[in-house]
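Residue-level structural notes
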Amino acid sequence: MALFNRTEAIRSVNQWLDQHVRSSLHSHDNIEDACSGNTAVEWLLEVSAEGVEIPLLLVVDADFPYSLPRFRLHDDAGRMKYPHVEHDGRLCLAGDAGRSDTNLPVSVVANQLQEAIDLLSDNLAGLNTEDYQVDFNAYWGRESDASTPLYYELTSPGSAGHGYFFEHDSSFYVFDDRRRAAELAVFFSRGEKREPELKWCPVVSIDALPEPGNYPTSPNELIALAGISDNHREILHQTIRRVAALGKPLPVLVFGDALGEQKAFGMSILPESRALHPRRAQKSSSRGFSSLDKVPINLLATRQNLSRHTSRRIDAWKTRLNPRVLQALQNSRVLVVGCGALGAPCAQKIAFSGVGAITLVDHELLGWENVSRHELGGLCVGQYKSRALAMKINDHLGRVKLAEAVTTTIQAKLREDDSFLDQFDLVLMLTGDWFADAMVNDLVVNRPSTPPVIFSWMEKRACVSHAVLIAHGHGSLREVTNAFGDAEPIISAWTQGPAEPCGNSTSTFSSIATLSPQALICELALDVLAGRCQAPIHRAWRTSENRIAAEGGLWAPGFEKVYSSPIGSAQWLVRPWPREAAADE
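For the structure given in this document, a descriptive report is provided here. Here the structure is a predicted model, which means the values were calculated and not measured.

What follows concerns the environment of Arg 22. With respect to the element layout, Arg 22 can be found in strand β1 (residues 22–25). Remark: the alpha-carbon pair of Arg 22 and Leu 44, spanning 22 residues in sequence, is separated by 8.4 Å. Beyond its immediate chain neighbours, meaning those up to four positions away, Arg 22 contacts Leu 44, Leu 45, Glu 46 and Glu 53. Within polar-contact distance, the side chain of Arg 22 engages the side chain of Glu 53 at 2.6 Å.

A few words now on the sheet that holds strand β20 (residues 537–542). Spatial ordering of the open sheet is given by β15-β14-β13-β16-β17-β18-β20, a layout of 7 strands whose pairing is mixed. Because the sheet does not close on itself, it has two edges, and the strands there are β15 (403–406) and β20. Strand after strand, the sheet turns through a mean of 15 degrees between neighbouring axes, direction not considered. Inspection of the sheet shows strand β13 (residues 333–337) paired to strand β14 (residues 357–361) by 5 bridges, in the parallel sense. The residue bridging Val 337 from the neighbouring strand is Val 361, located in β14. Contacts from helix α12 (residues 343–352) reach β13, β14 and β16 (426–429) within the one sheet, and its direction differs from that of β14 by about 170 degrees. Strands in contact with helix α16 (residues 515–529) are β13, β16, β17 (453–458), β18 (464–470) and β20; relative to β20, the strand with the most contacts, it is inclined by about 155 degrees.

With 15 residues, α16 ought to run about 21 Å at 1.5 Å a step, and its terminal C-alpha atoms sit 21 Å apart, in line with that. Within α16, 11 of the 15 residues are buried, leaving the element largely enclosed by the surrounding structure. Those residues of α16 lying buried are Ser 516, Pro 517, Gln 518, Leu 520, Ile 521, Cys 522, Leu 524, Ala 525, Asp 527, Val 528 and Leu 529. Just beyond α16, the residue with positive phi is Gly 531, at close to 75 degrees.

With that settled, the discussion passes to the packing of α12 against helix α13 (residues 385–397). At a minimum axis distance of 11 Å, the contact between α12 and α13 shows a crossing angle of 30 degrees. On the basis of the axis angle, α12 is roughly parallel to α13. Where α12 crosses over α13, the handedness of that crossing is right-handed. Note on element contacts: α13 touches α12 through Leu 389, Lys 392, Ile 393, His 396 and Leu 397, opposite Ala 344, Ala 347, Gln 348, Ala 351 and Phe 352.

For the rest of this paragraph, the subject is the environment of Lys 413. With respect to the helices and strands, Lys 413 occurs in helix α14 (residues 410–416). C-alpha separation for the pair Lys 413 and Val 361, spaced 52 residues apart in sequence, amounts to 9.1 Å. Setting aside residues no more than four positions away along its own chain, Lys 413 makes contact with Val 406, Thr 408 and Phe 420.

Here we come to unusual backbone geometry. The step from Glu 488 to Pro 489 runs through a cis peptide bond, and the omega angle for that step is 0 degrees. Note on placement: Pro 489 falls in the loop between β18 and β19 (492–494). Cis rather than trans, the peptide bond between Ala 535 and Pro 536 has omega equal to 0 degrees. Phi is positive for Ala 462, close to 60 degrees, though the residue is something other than glycine. Assignment of secondary structure puts Ala 462 in the loop between β17 and β18. For Ala 462, a relative accessible area of 0% translates into the label buried.

Burial runs high along strand β3 (residues 52–60): 7 of the 9 residues are buried. Here strand β2 (residues 41–49) runs beside β3; their pairing, made up of 9 bridges, is antiparallel. Within β3, the residue paired with Trp 43 across the bridge is Leu 58. The antiparallel pairing of β2 with β3 creates a hairpin that spans 2 residues between the two strands, and Glu 50 there sits at a positive phi of about 55 degrees. As paired strands, β3 and strand β4 (residues 70–73) are joined by 4 bridges and run antiparallel to one another. When the bridges of β4 are listed, Leu 57 appears paired with Arg 72.

So, how was this worked out
- Numbering of residues starts from 1 in each chain and follows the order in which that chain's sequence is written.
- Residue-level local features of this predicted model are given only where pLDDT is at least 70; pairs of side-chain atoms are given and counted only at 80 or more, and the full residue set underlies all totals for whole chains, interfaces and linings.
- The basis for the side-chain values is all heavy atoms of the structure; hydrogens and waters are excluded.
- Counting from the N terminus, the helices are DSSP H or I runs at least four residues long and the strands are E runs at least two residues long.
- Here a residue-residue contact requires only that any non-hydrogen atoms of the pair lie within 4.5 Å.
- Pairs of N or O atoms are called polar contacts if they sit within 3.5 Å, as long as, within protein, a hydrogen donor faces a hydrogen acceptor (for residues adjacent in sequence, only side-chain-to-side-chain pairs).
- At least two DSSP bridges between two strands are required for those strands to pair.
- All axes here are fitted lines through C-alpha atoms, helices being fitted over the stretch that makes contact, and every angle between N-to-C directions spans 0 to 180 degrees.
- Here, expected helix span is obtained from the residue count minus one, scaled by 1.5 Å.
- For every residue, the accessible area obtained with a 1.4 Å probe (protein chains only) is divided by the maximum for its type, and the residue is called buried under 20%, exposed over 50%, and partly exposed between those limits.
- Orientation labels follow simple angle bins: below 35 degrees gives roughly parallel, above 145 gives roughly antiparallel, 65 to 115 gives roughly perpendicular, and whatever is left gives oblique.
- Crossings are classed by handedness, with left-handed meaning an anticlockwise turn of the near helix from the far one by less than a right angle and right-handed meaning a clockwise turn.

Here it is as structure tokens:
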């Protein structure tokens, strides 16, 4: 099908507007000019909402009709006064994140326009009041000017009223926890001559975030915010005096309640002149008084400015996770034994799912033979798999100690400390080594304090994978395997294909072959950590008929009598192509 003609789309929208809406072309002198280029086209509309006439801009970009039209308030009236209205006047419509029929541009504009009018009407009628609070978080994180961004991560507002910050690449990083601040400072200092210096800064809390129209624009207005305790107000007084004494800006982080959740926004208190030497800054700030400490705080604050910052959370990636699952995972400690082609991607995915800490155990070095199916690449060849993977996980999430590495075998670690497993909430045995599995299994069976353990391994060529969950008093790996650690019964059988290298227990398969086994393991791990299942459990996955045949294998006779597909289990579904299905009928 040919691409829809943009000129035709713009002309049809213009014609519809002339007939149905009070409108005029706003961005161009005439419709010919609007159609001739690839720039955005704007129309100024006069719409009525709740009896109020509102000027509204309709904007279509260069991709239209392969993009959605946008609507924006034409003047400042209402900006930041109502929910779902951005700081530039753009309306946030429910359909903005949807799809549209690219062959019907007029219908798309008409539907979006009606949604815009409905939104404005609801705002004027006060029906979106609760939505206003929901929008708070987006508002306080919004970029309001060209000032330096303020990055922060917070767990809870400290009652002490102060936190710690450091500067890196002209950005402030503010924390209410010294350990976490130091950790990230070390992270950013890698490869640099010295790590950033931690400094004091105020972290204060108020009862509720101010509405956008009441955002403080000066230090005095900040002090006067409703809900600041006397202790925190005194800390702001100290900050203002420090700024005056140092002649340098200091970041401030303010907590507030929004819809029952603690949110925060950041700013900097700026000295009277940032160009002054500290001694001259003190002299300038204390003019008219014998010393700086004699200057009334309100007067001192009038000689300073307030700069709002763009605020972002370092751990904002957590907002993309299921909050109920995250709540269960964020304090959990997970041990992953084996960082090979199966263990490494599983460890990384579990770390990214929001666990509190993860420890990786593997004594092997990465070789060139590993890189085609491993999370680590050529730059890590010759390094311990566990150590390089831990660093990769930490770097990915901006952490230093989320993932830690152990570079011995699990057997050696347990000989050194037989209670090593007790500190974890879940252990994943992903080595494919029967001797390691057997030792850990026997320890769990005989030691009540050990956590649940998931054992996972793949049958030949990664055509079948198993995941077995046991806990003390609830199952043993030996109950579902033979004396050599093979599943009993096995699912795949092999009659042909190239022989495996002599003395090498490694099976040949590609990285793609491990994707479904990874999902099997990770889903069971999350089920355990979220409390959705209990030991003992034995889950298995098998590949397609086509693949096992291509690999030279077949299904072992009688395995269906033991393994079943219960209702609710994940499955691959195949749908006949519509035209072919219709032809068959």
